[in-house]
Amino acid sequence: MRLIFGIFPLLVIPVILYNLIALAGGSVETTGAAGELIRAGQPPISGLLGERFLGLPMISGVEWVLTKGDAIVLLAVTFLFLEILKSTSTGTATIINHGISLLLFIICLVQFLLMPNFATSTFFILMAMTLLDVLAGVIVTIVSARRDFGVDGNV
């Protein structure tokens, strides 16, 4: 189980969650009353991501509202933190994790560029987190490996 946890990039979870919401969010093209094709100016999922997820009354008297999109980003930030902690090891599972994380970033980039429901700020932030996961993971692993293999003080 520990090996699967080491190989499996945790940022896959919020990306899959967003994919499930986006694929159920509808299409960009609809037909009008005259049968002409109408193309939406913004992704149909934008309204769904802006819906209320959680609300808490504050001492100031206002209500703090967490939207569904914000909740996905919050989940992704938590998993990014755990991914950076996982990248401090120098084992084979960590190298495989970085490769899968790079593949996840490429998939997110293709979805962001080509699919209308993925052209939102929420998904852009998720995609940026997958890129940061790859970059930070590789850099932290290289620095950790350099310290492990440094015998004299010259490295």
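Report follows, based on the coordinates. (Residues numbered from 1 in each chain as written. Predicted model: local features only at pLDDT ≥ 70, side-chain atom pairs only at ≥ 80, totals over all residues. Heavy atoms only, no water.)

**Quick word on the overall build of the protein**
Secondary structure assignment for the protein yields six helices and four strands. Along the protein, from the amino end to the carboxyl end, the secondary structure elements read α-α-β-β-α-β-β-α-α-α. Across the 155 residues of the protein, 31% fall into the buried class. Across the protein, the fraction of contacts at a sequence separation of at least 24, relative to all contacts at a separation of at least 6, is 61%. A total of about 9700 Å² of accessible surface is found on the protein, and carbon and sulfur atoms cover 71% of it. (Helix = DSSP H or I, 4+ residues; strand = E, 2+ residues; numbered from the N terminus. Buried < 20%, exposed > 50% of the residue type's maximum accessible area, 1.4 Å probe, protein only. Contact = heavy atoms within 4.5 Å. Areas by Shrake-Rupley, 256 points an atom, 1.4 Å probe, with all protein chains shown as cover.)

**Considering the side chain of threonine 130**
Within the fold, threonine 130 resides in helix H6 (residues 121-149). Owing to a relative accessible area of 2%, threonine 130 belongs among the buried residues under this scheme. The residues touching threonine 130, leaving out its near neighbours within four places in the chain, are Leu11, Val15, Leu104, Phe105 and Cys108.

**As for helix H2 (residues 12-23)**
With twelve residues, H2 ought to run about 16 Å at 1.5 Å a step, and its terminal C-alpha atoms sit 16 Å apart, in line with that. Every buried residue of H2 is listed here: Val12, Pro14, Val15, Tyr18, Asn19 and Ala22. Relative to the axis of H2, the buried residues are bounded by an arc of 165° and lie together on one face. (Expected span 1.5 Å × (residues − 1). Arc of directions from axis to C-beta.)

**Observations concerning the nonpolar core**
Counting residues in each nonpolar core, the largest one holds 21 residues, and the members touching the most others are Leu11, Tyr18, Leu104, Cys108, Phe123, Leu126 and Met129. Those elements giving two or more residues to this core turn out to be H2, helix H3 (45-49), helix H4 (68-86), helix H5 (92-114) and H6. Broken down by element, the residue count for this core peaks at five residues, all from H4. Residue contacts for methionine 129: discarding those within four places in its chain leaves Leu11, Val73, Ala76, Val77 and Leu80. (Core = buried A, V, L, I, M, F, W, Y, C linked by side-chain atoms within 4.5 Å.)

**Examining the pairing of strand E4 (residues 63-67)**
Where strand E3 (residues 52-57) meets E4, five bridges bridge the pair, whose relative direction is antiparallel. The residue bridging leucine 54 from the neighbouring strand is leucine 66, located in E4. (Pairing = 2+ DSSP bridges.)

**Focus: the side chain of serine 101**
Along the chain, serine 101 turns up in helix H5. Separated by 3.0 Å, the side chains of serine 101 and aspartate 133 make a polar contact. Excluding anything up to four places from it in sequence, serine 101 contacts Pro9, Glu83, Asp133 and Val134. (Polar contact = N/O pair within 3.5 Å; in protein donor to acceptor, adjacent residues only side chain to side chain.)

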